[in-house]
2 protein chains.
Amino acid sequence: MDSFILRGNIGFSQSPDELRLFADSFLVCHEGKCQGVFSRIPEKFRGLPLKDYGKSLIIPGLVDLHLHAPQFPFRGIGSDRELLDWLNTYTYPEEGKYSDLIYADKAYGIFVEELRKSATTRAVIYATIHREATLLLMDKLESSGLVTMAGKVNMDRNAPAYLTETTDSSIRETRRWLSEVAGKYQRTSPIITPRFIPSCTDELLGALGEISAEYSLPVQSHLSENLSEIDWVRGLVPSADTYGGAYEKFNLFGRDVPCVMAHCVHCSAAELALIKKNGVFIAHSPDSNTNLSSGIAPVNRYIRQGLRVGLASDLAGGADINMLRMMAEAIRASHLRWRLVDDELPALSFANVFYLATKGGGAFFGKVGSFEPDYEFDALVIDDSALVTPKELSLAERLERLPFLAGDRNIQAKFVSGQQLF
Amino acid sequence: MDSFILRGNIGFSQSPDELRLFADSFLVCHEGKCQGVFSRIPEKFRGLPLKDYGKSLIIPGLVDLHLHAPQFPFRGIGSDRELLDWLNTYTYPEEGKYSDLIYADKAYGIFVEELRKSATTRAVIYATIHREATLLLMDKLESSGLVTMAGKVNMDRNAPAYLTETTDSSIRETRRWLSEVAGKYQRTSPIITPRFIPSCTDELLGALGEISAEYSLPVQSHLSENLSEIDWVRGLVPSADTYGGAYEKFNLFGRDVPCVMAHCVHCSAAELALIKKNGVFIAHSPDSNTNLSSGIAPVNRYIRQGLRVGLASDLAGGADINMLRMMAEAIRASHLRWRLVDDELPALSFANVFYLATKGGGAFFGKVGSFEPDYEFDALVIDDSALVTPKELSLAERLERLPFLAGDRNIQAKFVSGQQLF
């Protein structure tokens, strides 16, 4: 079990600039791990069952490094506001509903089923402040077969009363949540989730840093998304040099545990130096950053600087969970940045964004996002025959158009960590 | 016949800023013309057949003011180039194939069928230089039930040999094409189509201006899309003040006949004044302008200045023919323009882009794009139940999310000029 061979037209990223393509080849999974791509089945794998996907495309599963599960219900609505106004108008009223477990059960049921059907195989997810609803979400994620990290959100200031915890209760509920999920799941794990600096007092941030260290738990949050937000943080944590420095001050900025920060649209040089030093992952969210008028992150520079970058939908700042689409949005935003902001930074290529969506973000989960030997076996089989054309396309061209044209309806099969989801 | 009543949740544009919404109402079509929206069926229409679409949404059909039919085969491929390089690398080699009528038959068959299934009810279309293939395209468009204008393209310089006509042959073939289509179609009409200034000698432009005047035919072309293109035009027609002035010089810039110019990303004040004076339509193509790194047109300013603006896919600079998606791209591009270029020009609202995609572009076809009385009856019935959410959405919210989430798979029924296509 968890050992088999897929046959089809295969592509994966070797590096940010190098896409490897294998027409009509064999991809071997042994005990949930990739063994590599072969033009003929090697002798030692001859006994494994073969699934022949004919002309279909086979690529690594896509990794969504940042999305908000409770915001799924209003995706596609409300991109007429900037971040802080958007939070108050659309986001907080919706998130408040998750104190009601009946609503949470229905809403998270829909969200997880849509995520299961999507191109996403792994995701790093915000829930809400509500411990019980977060558990419900994690139960559903576990059942889906996806591999995810999900976080009960912490917020003890600057939010509506119905979404504001006391500092004590926020810490207590976080510890209780962690004890409840300890050892419970195979594919679902907790991640410490201070919403962002404006929502968390210094005392709460300090406690979360301690909890992260105590349990060796990864951390997710938001960083330098919007100019007004950055100004606000400067006032809230005057002792920190930068927004990132405010997390660092409370031991919530990588270094000892994995950390992913969404957005990084307006990072200063000092902040980027700290990101590099601490190995913090950047979750580039081009759809959201456009919808909420945040700006365009200089992602190609981040790649050249050797930072760790992946791609994210940031649902529901992003309007969709389709990570193929997010690859297109990353390319498109980088074109406008080149034209309008800085023509010395080249736009992102297809190879670049394919890397971000697979191996780049996959690294947050370990050896994930590639078909090189020893990588966990996450794969999508895509039947692109419905994307009808009279033109004879090369394998490279067939892959290149997927971000612009394909969605969950074109996914024929999906494998996560060696298990076939459909 | 062509007389019936639709029941559903109805929305249409009254003006660029005013969307009118009617929950559970009746939309009356009498002999192909809209009679208005009613909360109860008026006495005089009681005998008409009723189609009850229940909870579905009913909106005017969408108008695509600019797209290239022969570029459909490579949609989603090649957005790694700017305009002039993209033309030489991707576009011209594909367009060259339409000298082969077997290829043209297959390719245009696919294109027209996809357009028929899409949200587009009317379109203004480029073919290629090839007269016979253009006729084939027009035959297929006529059979589809869509209402379209299509043009044999004229090119007699600065293109590969296989796509370059002699000036005489370009004029002669255009006249022959016009005689062949005269009176042939109900829903398909010819439009004069100089590719753009760089592709046409002064002599050819002069002749096309004469033909347009002689037959009272509308004109389509490209204007001020890309900075290198604009520089090139300045050198090619030094006697014209502006790129638009170069068309004007040859009587190809509105005034006496309808004229639509695609893009208008980088128009000067003088060019805009001429556009206004001559009543030229602007086909805003946000997807293409982003993909090809052209820039972002200040569309909201054009609307405030009272210019005539519609929306366009510009397939295959745009990657898709989904005009719902183009509404999202117009909003999204306007957000980035506000953030990165000019924070004094507000971003486009949903009401703005809904207007552009319906009544704004519809005006190029006459009284089209609204459900006000006497408008031609073009309508889409959209079943948004597959866009699943636990949230109770208002009618406004249901419409607002369509551009971000919906496509042809959500279109339940489609009517063009009173005829039901499916």
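Placed above this text is the structure.
Quick summary incoming for the structure in this document. Since the model is a prediction, treat every value here as computed from it, not as a measurement.

### As for the overall build of chain A
Okay, step 1: Across its full length, chain A carries 13 helices and 17 strands.
Okay, step 2: Relative to the compact-globule value of 22 Å for 422 residues, chain A shows a C-alpha radius of gyration of 21 Å, a close match.
Okay, step 3: Expressed as lengths along the three principal axes of its C-alpha atoms, the size of chain A is roughly 60 × 50 × 40 Å.
Okay, step 4: Considering chain A as a whole, with its 422 residues, one finds that 68% of them fall into the buried category.

### So, the interface of chain A and chain B
Okay, step 1: Contacts between chain A and chain B engage 50 residues on the former and 50 residues on the latter.
Okay, step 2: Note on chain A versus chain B: buried area summed over both sides is about 4,500 Å², and carbon and sulfur give 57% of it.
Okay, step 3: The three residues of chain A that bury the most area against chain B are Arg332, Arg339 and Pro390 of chain A, which together make up 15% of that side's buried surface.
Okay, step 4: Taken together, the connections running from chain A to chain B amount to 10 salt bridges.
Okay, step 5: Between Lys391 of chain A and Glu94 of chain B there is a salt bridge; the shortest N-O distance is 3.9 Å.
Okay, step 6: Between the two partners, chain A and chain B, sit 26 residue pairs in polar contact (both at pLDDT 80 or more).
Okay, step 7: Going through the elements one at a time, helix 2 (101–117), helix 9 (286–291), helix 11 (323–340) and helix 13 (395–405) of chain A are the ones with two or more residues in the side of chain A that touches chain B.
Okay, step 8: With nine residues, helix 11 of chain A is the largest single contributor of residues to the side of chain A that touches chain B.
Okay, step 9: Residues belonging to the side of chain A that touches chain B are distributed by class as follows: 22 nonpolar, 12 polar and 16 charged.

### With respect to the layout of surface pockets
Rolled over the atoms, a probe as big as a water molecule pinpoints where empty space is left.
Okay, step 1: Taken as a whole, the largest pocket holds about 1,000 Å³ of empty space.
Okay, step 2: Around the largest pocket sit 41 residues that line it, and Gly407 and Arg409 of chain A together with Leu405, Gly407 and Arg409 of chain B are the ones nearest its centre.
Okay, step 3: If you list the elements that add at least two residues to the lining of the largest pocket, you get helix 2 and helix 13 of chain A together with helix 2 (101–117) and helix 13 (395–405) of chain B.
Okay, step 4: By residue class, the composition of the lining of the largest pocket is 19 nonpolar, eight polar and 14 charged.

### Looking at the sheet that holds strand 7 (residues 147–151) of chain A
All names here are of chain A.
Okay, step 1: Taken together, the four strands give an open sheet; going across it, the order is 5-6-7-9, and neighbouring strands pair in parallel fashion. The open sheet has two edge strands with one neighbour each: strand 5 (62–68) and strand 9 (188–190). Pairwise comparison of adjacent strand axes, ignoring direction, gives a mean angle of 20 degrees for this sheet.
Okay, step 2: On top of the sheet, helix 11 reaches strand 5 and strand 6 (120–126); it is set at about 85 degrees to strand 5, its chief contact.

### Re the relation of the copies chain A and chain B
Here two copies of a chain appear, and what relates them is a rotation about an axis with a shift along it.
Okay, step 1: Mapping chain A onto chain B calls for a screw motion: a turn of 180 degrees about the axis and a shift of 0.0 Å along it, with 0.0 Å RMSD after fitting. Classification of the inter-copy transformation places it as that of a two-fold axis. No C-alpha of chain A approaches the rotation axis more nearly than that of Leu340 of chain A, which lies at 3.5 Å.
Okay, step 2: Mapped onto chain B, 100% of the interface residues of chain A are again interface residues, and the two copies thus contact each other with one and the same surface.

### Quick look at the side chain of Ser13 of chain A
Okay, step 1: Within the secondary structure, Ser13 of chain A sits in strand 1 (residues 4–15).
Okay, step 2: In this structure Ser13 of chain A touches Glu18, Leu19, Ala351, Phe354, Tyr355, Thr358, Lys359, Ser370 and Glu372 of chain A, once residues within four positions along its chain are discounted.

### Focus: the packing of aromatic side chains
All names here are of chain A.
Okay, step 1: Considering all chains together, one arrives at 34 aromatic pairs over all chains under this definition.
Okay, step 2: Between Phe74 and Tyr90 the ring centres are 6.4 Å apart and the planes differ by 25 degrees, which places this aromatic pair in the stacked class. Taken together, the residues Phe74 in the loop between strand 5 and helix 1 (83–96) and Tyr90 in helix 1 connect sequence positions 16 residues apart. Note on accessibility: Phe74 and Tyr90 belong to one class, buried.
Okay, step 3: Measuring from ring centre to ring centre gives 4.8 Å for Tyr98 and Tyr108, while their planes differ by 40 degrees; the resulting arrangement is tilted.

### Here's the deal with the packing of helix 3 (residues 131–144) of chain A against helix 4 (residues 167–181) of chain A
Residue and element names in this part refer to chain A.
Okay, step 1: Axis separation between helix 3 and helix 4 bottoms out at 10 Å; the angle between their running directions is 30 degrees. Between helix 3 and helix 4, the angle is such that the two are roughly parallel. The way helix 3 lies across helix 4 gives a crossing that is right-handed. Contacts between helix 3 and helix 4 involve Arg131, Thr134, Leu135 and Met138 from the first element and Glu173, Arg176, Trp177, Glu180 and Val181 from the second.
Okay, step 2: For the contact of helix 3 with helix 4, a count of residues per class yields four nonpolar, one polar and four charged.

### A word on the pattern of salt bridges
Okay, step 1: A full pass over the atoms with the stated rule returns 68 salt bridges over all chains.
Okay, step 2: The closest approach of N and O atoms between Glu180 of chain B and Arg131 of chain B, which form a salt bridge, is 3.1 Å. Of this pair, Glu180 of chain B sits in helix 4 (residues 167–181) while Arg131 of chain B sits in helix 3 (residues 131–144), and the two are 49 residues apart along the sequence.
Okay, step 3: Overall, Arg131 of chain B belongs to the buried group, its relative accessible area being 9%.
Okay, step 4: In the salt-bridge network here, residues are joined through shared partners; they are Asp287, Arg325, Glu329 and Arg332 of chain A together with Asp287, Arg325, Glu329 and Arg332 of chain B.

### Topic: the state of the cysteines
All names here are of chain A.
Okay, step 1: Following the criterion strictly, the structure yields zero disulfides over all chains and no others.
Okay, step 2: For Cys259, which is in no disulfide, the shortest distance to another cysteine sulfur is to Cys264 and amounts to 9.2 Å.
Okay, step 3: Using a relative accessible area of 0% as the deciding quantity, one classes Cys259 as buried.

### So, the side chain of Ser212 of chain A
Okay, step 1: Residue placement: Ser212 of chain A occurs in helix 5 (residues 202–215).
Okay, step 2: Apart from residues lying up to four places away in sequence, Ser212 of chain A is in contact with Ile192, Leu217, Val219 and Val257 of chain A.

### Some thoughts on the sheet that holds strand 13 (residues 281–284) of chain A
Residue and element names in this part refer to chain A.
Okay, step 1: Spatial ordering of the open sheet is given by 11-12-13-14, a layout of four strands whose pairing is parallel. Edge positions in the open sheet fall to strand 11 (219–223) and strand 14 (308–311), since each of these has one partner strand only. Adjacent strand axes in the sheet meet at a mean angle of 30 degrees when their direction is disregarded.
Okay, step 2: Relative to strand 13, strand 12 (residues 259–263) runs parallel, the two sharing three bridges. Bridge pairing in strand 13 places Val260 opposite Phe281.
Okay, step 3: Strands in contact with helix 12 (residues 350–362) are strand 13 and strand 14; relative to strand 14, the strand with the most contacts, it is inclined by about 110 degrees.

### With respect to helix 4 of chain A
Residue and element names in this part refer to chain A.
Okay, step 1: With 15 residues, helix 4 extends 21 Å between its outermost C-alpha atoms, agreeing within 8% with the 21 Å of an ideal straight helix rising 1.5 Å per residue.
Okay, step 2: Among the residues of helix 4, Thr167, Ser169, Ser170, Ile171, Glu173, Thr174, Trp177, Leu178 and Val181 are the ones counted as buried.
Okay, step 3: Those residues of helix 4 hidden inside the fold are in contact with helix 3, strand 7, strand 8 (153–154), strand 9 and helix 5.

### Brief notes about helix 2 of chain A
Okay, step 1: Under the 1.5 Å per step criterion, the end-to-end length of helix 2 of chain A is 24 Å for 17 residues, consistent within 8% with the ideal 24 Å.
Okay, step 2: By the burial criterion, the buried members of helix 2 of chain A are Tyr103, Ala104, Ala107, Tyr108, Ile110, Phe111, Val112, Glu114 and Leu115 of chain A.

### Looking at the environment of Asp100 of chain A
Okay, step 1: Among the structural elements, Asp100 of chain A can be located in the loop between helix 1 and helix 2.
Okay, step 2: The sequence separation of Asp100 of chain A and Ala363 of chain A amounts to 263 residues, and the corresponding C-alpha distance is 35 Å.

### Concerning unusual backbone geometry
Residue and element names in this part refer to chain A.
Okay, step 1: Put simply, Leu315 and Ala316 share a cis peptide bond, and its omega is 0 degrees.
Okay, step 2: Locating Ala316 in the fold gives a position in the loop between strand 14 and helix 11.
Okay, step 3: Despite not being glycine, Asp374 shows a phi value in the positive range, around 85 degrees.
Okay, step 4: Locating Asp374 in the fold gives a position in the loop between helix 12 and strand 15 (379–382).

### Quick word on the environment of Leu48 of chain B
All names here are of chain B.
Okay, step 1: Looking at the element boundaries, Leu48 is found in the loop between strand 3 (33–38) and strand 4 (50–60).
Okay, step 2: For the pair Leu48 and Cys29, spaced 19 residues apart in sequence, the C-alpha to C-alpha distance is 9.0 Å.
Okay, step 3: Ignoring anything within four residues of it in the chain, the contact list for Leu48 reads Ser3, Phe4, Ile5, Val28 and Cys29.

Calculation criteria
- Residues numbered from 1 in each chain as written.
- Chains lettered and ligands numbered in written order.
- Predicted model: local features only at pLDDT ≥ 70, side-chain atom pairs only at ≥ 80, totals over all residues.
- Heavy atoms only, no water.
- Helix = DSSP H or I, 4+ residues; strand = E, 2+ residues; numbered from the N terminus.
- Rg over C-alpha atoms; globule rule 2.2 N^0.38 Å.
- Buried < 20%, exposed > 50% of the residue type's maximum accessible area, 1.4 Å probe, protein only.
- Contact = heavy atoms within 4.5 Å.
- Buried area = accessible area lost by both parts, 1.4 Å probe.
- Salt bridge = Lys/Arg side-chain N within 4 Å of Asp/Glu carboxyl O.
- Polar contact = N/O pair within 3.5 Å; in protein donor to acceptor, adjacent residues only side chain to side chain.
- Nonpolar A, V, L, I, M, F, W, Y, C, P; charged D, E, K, R; others polar.
- 1 Å grid on protein atoms, 1.4 Å probe; cavity = no way out; pocket = protein on both sides within 12 Å on 5 of 7 lines; lining within 4 Å.
- Points joined across faces, edges and corners; volume = space filled by probe spheres on them.
- Pairing = 2+ DSSP bridges.
- Axes fitted to C-alpha atoms, helices over the stretch in contact; angles between N-to-C directions.
- Least-squares fit on C-alpha atoms with pLDDT ≥ 70 in both.
- Phe/Tyr/Trp six-rings, centres within 6.5 Å; stacked < 30°, edge-to-face > 60°.
- Parallel < 35°, antiparallel > 145°, perpendicular 65-115°, else oblique.
- Left-handed = near helix turned anticlockwise from the far one by under 90°.
- Disulfide = S-S within 2.5 Å.
- Expected span 1.5 Å × (residues − 1).

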